[in-house]
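Chains, contacts and geometry: an overview
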Amino acid sequence: MLVKLIRYMRSYVKESILGPLFKLLEATFELFVPLVIASMIDKGIRLSDTGHIFKMGGVLLFLGVVGLAFSITAQYFAARAAVGTAAKIRKTLFERVTRLSAEQLNKTGVSALTQRLTGDVDQVQNGINLTLRLLLRSPFVVFGAMVMAFFVDAKSAWVFAVAIPILGLLVFGVMAWSLPLFKRAQQAMDLAMGITRENLTGARVIRAFGREKEENERFTRQAETLSERKRKAGHISALTGPLTCVVVNLALAALIYTGALRVEGGAITQGELVALVNYMSQILVELIKFANLIVSITKALACFGRVQSVIELDENAPGNEKNRVMNAENDVVVKFDRVTFTYPGAGAPSITDVTFEAKKGETIGIVGPTGSGKSTIVQLITRFYDATYGKIFMYGQDVTALSSKDLRNRTGIVEQKTLLFSGTIEDNIRWGKTNADENEIVNALSSAQGLDIISSKSEGLNAPVGQGGRALSGGQKQRVAIARALVRKPEILILDDSASALDFATDARLRAAIRNMQGESTVFIISQRASSVRHADKILVMEEGVVKAMGTHETLMETSDLYREIYFSQFPEGEAYV
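Below or above, wherever it landed, is the structure these notes cover. Since we're looking at a predicted model, the values are computed, not measured. (Residues numbered from 1 in each chain as written. Predicted model: local features only at pLDDT ≥ 70, side-chain atom pairs only at ≥ 80, totals over all residues. Heavy atoms only, no water.)

1. Thoughts on the overall build of the chain
When helices and strands are counted, the chain shows 22 helices and 12 strands. Its C-alpha atoms give the chain a radius of gyration of 35 Å, more than 25% over the compact-globule value 25 Å for 578 residues. Along the three orthogonal principal directions, the C-alpha set of the chain runs to about 115 × 50 × 50 Å. Looking at the 578 residues of the chain, the share that counts as buried comes to 49%. Taking all contacts inside the chain whose residues are at least 6 apart in sequence as the whole, residues at least 24 apart take part in 77%. Total accessible area on the chain is roughly 28,300 Å²; 58% of this is exposed by carbon and sulfur atoms. Taking the average location of the 66 positive side-chain charges in the chain and that of its 57 negative ones, the two points are 7 Å from each other. (Helix = DSSP H or I, 4+ residues; strand = E, 2+ residues; numbered from the N terminus. Rg over C-alpha atoms; globule rule 2.2 N^0.38 Å. Buried < 20%, exposed > 50% of the residue type's maximum accessible area, 1.4 Å probe, protein only. Contact = heavy atoms within 4.5 Å. Areas by Shrake-Rupley, 256 points an atom, 1.4 Å probe, with all protein chains shown as cover. Lys, Arg positive; Asp, Glu negative; His and termini not counted. Charge placed at Lys NZ, Arg CZ, Asp CG, Glu CD.)

And the structure:
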């Protein structure tokens, strides 16, 4: 995992080298401070040499100022590398998220992906910053202090040689113990984020049904689970500080005792004993920093592992292939050949043994009860999923051998759940064709029966649209989405229950407009309304994932009991809007 993280830092090799280097220079100056203080005590204070005291004071000031300059410089380079690497990881992750298949998106979850793009990447950034500043500095100071202690008095310095290995075992032992716990805590965070997102998105529904108490309790239970896991991981990682202090203080006590005997025997001076104690104190401070660094690195690696798990999701999932562009010369635009499809994790197929074909310029209507598999056909046509069994052909070519991007560029789709983006009405329609001029946009909006939307707003096409389509009604959002699909003049137009929020008269005018502008387009209309598919060239009547009947409206009225039941349940008088 560490090797993969380093790959993202290749663009910041200079910063990754200079940051630690300046920190080591700062640490080198810091290691001379106890010797200067020892000289000040032995030659200045003990001999009452004021000049020497001021001289050593000036040396301490010089060491402090230069060390501060090195520290600031190191922080600059470390921050630059950390922020740049995090930006690169976030960009790579976002690009991967935009290429995830429908199955991968559903399995990972929106909340988990949001957490990886925000909190997880931020944790990685913090870990890189601390690592560049402390990973080399702290061990350097620890071992440097031990070497300097041996330089001062080898017999007293044995305490350092015993204490440092024990401290190393403590730090790395706690790291190995806490890493799995932090991973479990992050998993609980994903679940808590999911509940939060559901409640924020569905706040009106929750209030409408008076479910505030139940949702509060559900969130509280998950928050308690998260708190418990974080508390357990925190308790383990928090052991590092106290255990380190215990070992260092025991070593410090042994050092003072040994040093006192050495001073009394005249082997070392008082200043040298103070220098030894200062070196032990430096080791204590650096080991505490190093212990906190290990905790941060543990969290950062756990978070990076979660980020990398998304980046490394199978690129060959349905819809992600980069294969050849289709040849659109065949008259049969879409053909299903005994297609069966089961959603991942589902116990039974959503559609079974579906066979039909749609020729260029035809309109295909698909009707049936809720859950009959109508929308599943849309998912397969657009290659959000691949068939479990059977074959799907586009212009006579197997879709699995074609470029999904090319397929979708030829397709205009309006799904059941209308999704608009923040911006303006014009911005949203341009999603269908980025270089569309104003006349094309207005014509598409006119065909979608949406001219009244811009005429009712003073800004016209520049009227603002909030995230998700706020500021527009359900019917207005559907008509803008239809215009977005129509403006690209697609070869395949899919309307998946896209007029559910429209009244029958508007729906009828919309269908008439689509028929008039259809030309060479092949249109799929999926609807609960029999009137919406009445004029289709071919109507598929579905029930429980099976095509029960197929034909024109007139033929089905004579031959299909299910179609007649659907039709007369909506129009008891036998008449429908045309």
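On we go from here.
2. Regarding the sheet that holds strand β5 (residues 397-398)
If you trace the four strands from one edge of the open sheet to the other, you get β2-β1-β4-β5, paired in antiparallel fashion. This sheet does not close on itself; its edge strands, each paired only once, are β2 (351-359) and β5. Judged from the six bridges that link them, strand β1 (residues 332-341) and β2 form a sheet pairing that is antiparallel. Pairing of V332 across the sheet is with K359, part of β2. Its contacts with the sheet place helix α13 (residues 374-381) against β1, β2 and β4 (389-394), and it is angled at close to 120 degrees to β1. (Pairing = 2+ DSSP bridges. Axes fitted to C-alpha atoms, helices over the stretch in contact; angles between N-to-C directions.)

3. Concerning the environment of E554
If you trace the backbone, E554 turns up in helix α21 (residues 553-559). E554 sits in the exposed class, given a relative accessible area of 52%.

4. A word on the packing of aromatic side chains
Tallied over the entire structure, the rule returns 13 aromatic pairs. With a centroid separation of 5.9 Å and 80 degrees between ring planes, the pair formed by Y8 and F304 is classed as edge-to-face. Residue Y8 is found in helix α1 (residues 2-8), and its partner F304 is found in helix α12 (residues 270-311); the two are separated by 296 residues along the sequence. The exposure class assigned to Y8 is buried, which follows from its relative accessible area of 11%. (Phe/Tyr/Trp six-rings, centres within 6.5 Å; stacked < 30°, edge-to-face > 60°.)

5. A short note on the packing of helix α4 (residues 50-98) against helix α6 (residues 110-134)
One way to put it is that α4 packs onto α6 with a least axis distance of 8 Å and a crossing angle of 155 degrees. Classed by the angle they form, the pair α4 and α6 counts as roughly antiparallel. Crossing geometry of α4 relative to α6 is assigned as right-handed. For the contact of α4 with α6, the per-class residue count stands at 16 nonpolar, five polar and four charged. (Parallel < 35°, antiparallel > 145°, perpendicular 65-115°, else oblique. Left-handed = near helix turned anticlockwise from the far one by under 90°. Nonpolar A, V, L, I, M, F, W, Y, C, P; charged D, E, K, R; others polar.)

6. A look at the nonpolar core
Of all hydrophobic cores here, the largest spans 44 residues; its most connected members are I425, I429, V480, L493, I539, V541 and Y563. For this core, the element with the most residues is helix α18 (residues 474-486), which contributes six residues. If we skip the residues at most four places from it in the chain, I425 touches I453, I454, K457, G460, L461, A463, V465 and V480. Among the nonpolar cores identified, the runner-up in size contains 30 residues, and A145, L255, I268 and A275 belong to it. (Core = buried A, V, L, I, M, F, W, Y, C linked by side-chain atoms within 4.5 Å.)

7. Some points on the layout of surface pockets
In this structure, the second largest pocket spans a volume of roughly 430 Å³. Residue lining of the second largest pocket: 19 residues in total, with L2, I6, T131, L135 and I297 positioned closest to the centre. Of all the secondary-structure elements, those providing two or more residues to the lining of the second largest pocket are α1, α2 (13-31), α6, α8 (158-201) and α12. For the lining of the second largest pocket, the element with the most residues is α6, which contributes five residues. The residue inventory of the lining of the second largest pocket, partitioned by class, reads 16 nonpolar, three polar and no charged. (1 Å grid on protein atoms, 1.4 Å probe; cavity = no way out; pocket = protein on both sides within 12 Å on 5 of 7 lines; lining within 4 Å. Points joined across faces, edges and corners; volume = space filled by probe spheres on them.)

8. Some remarks on empty space enclosed by the protein
Empty space left among the atoms is revealed by rolling a probe the size of a water molecule over them. Tallied over the entire structure, the rule returns two cavities of 30 Å³ or more. Put simply, the largest cavity is a space of about 100 Å³. In terms of lining residues, the largest cavity is bounded by 12 residues, among which T363, R511, R515, I525 and S532 are the most central. At three residues, helix α19 (residues 504-517) tops the list of elements feeding residues into the lining of the largest cavity.

9. Observations concerning the side chain of S16
Tracing the chain through its elements places S16 in helix α2. Residue classification places S16 among the buried positions, given a relative accessible area of 18%. There is a polar contact of 2.7 Å between the side chain of S16 and the backbone oxygen of Y12. (Polar contact = N/O pair within 3.5 Å; in protein donor to acceptor, adjacent residues only side chain to side chain.)

10. Topic: the pattern of salt bridges
With the rule as written, the count across this model stands at 23 salt bridges. We note a salt bridge from R80 to E15, for which the minimum N-O separation is 2.9 Å. Taken as a pair, R80 in helix α4 and E15 in helix α2 lie far apart in primary sequence, 65 residues in all. One salt bridge connects R137 with E30, and the closest N-O pair in it is separated by 2.4 Å. Of the two residues, R137 is situated in helix α7 (residues 137-152) and E30 in helix α2; the sequence distance between them amounts to 107 residues. For E30, a relative accessible area of 24% gives the class partly exposed. (Salt bridge = Lys/Arg side-chain N within 4 Å of Asp/Glu carboxyl O.)

11. Focus: the packing of helix α10 (residues 212-238) against helix α11 (residues 240-264)
Running from amino to carboxyl end, α10 crosses α11 at an angle of 15 degrees, the nearest separation of the two axes being 5 Å. If you check the angle between α10 and α11, you find them roughly parallel. For the pair α10 and α11, the contacting residues are I236, S237 and A238 in the first and T240, G241 and P242 in the second. Its residues placed into classes, the contact of α10 with α11 shows three nonpolar, three polar and no charged.

12. Details of a nonpolar patch on the surface
Side chains of W158, V162 and I166 sit close together on the surface and give an oily, nonpolar patch of about 280 Å² of accessible area. Tracing the backbone shows V162 in helix α8. (Patch = residues over 30% accessible without salt bridge, like charges linked within 9 Å, V, L, I, M, F, W, Y side chains within 5 Å.)

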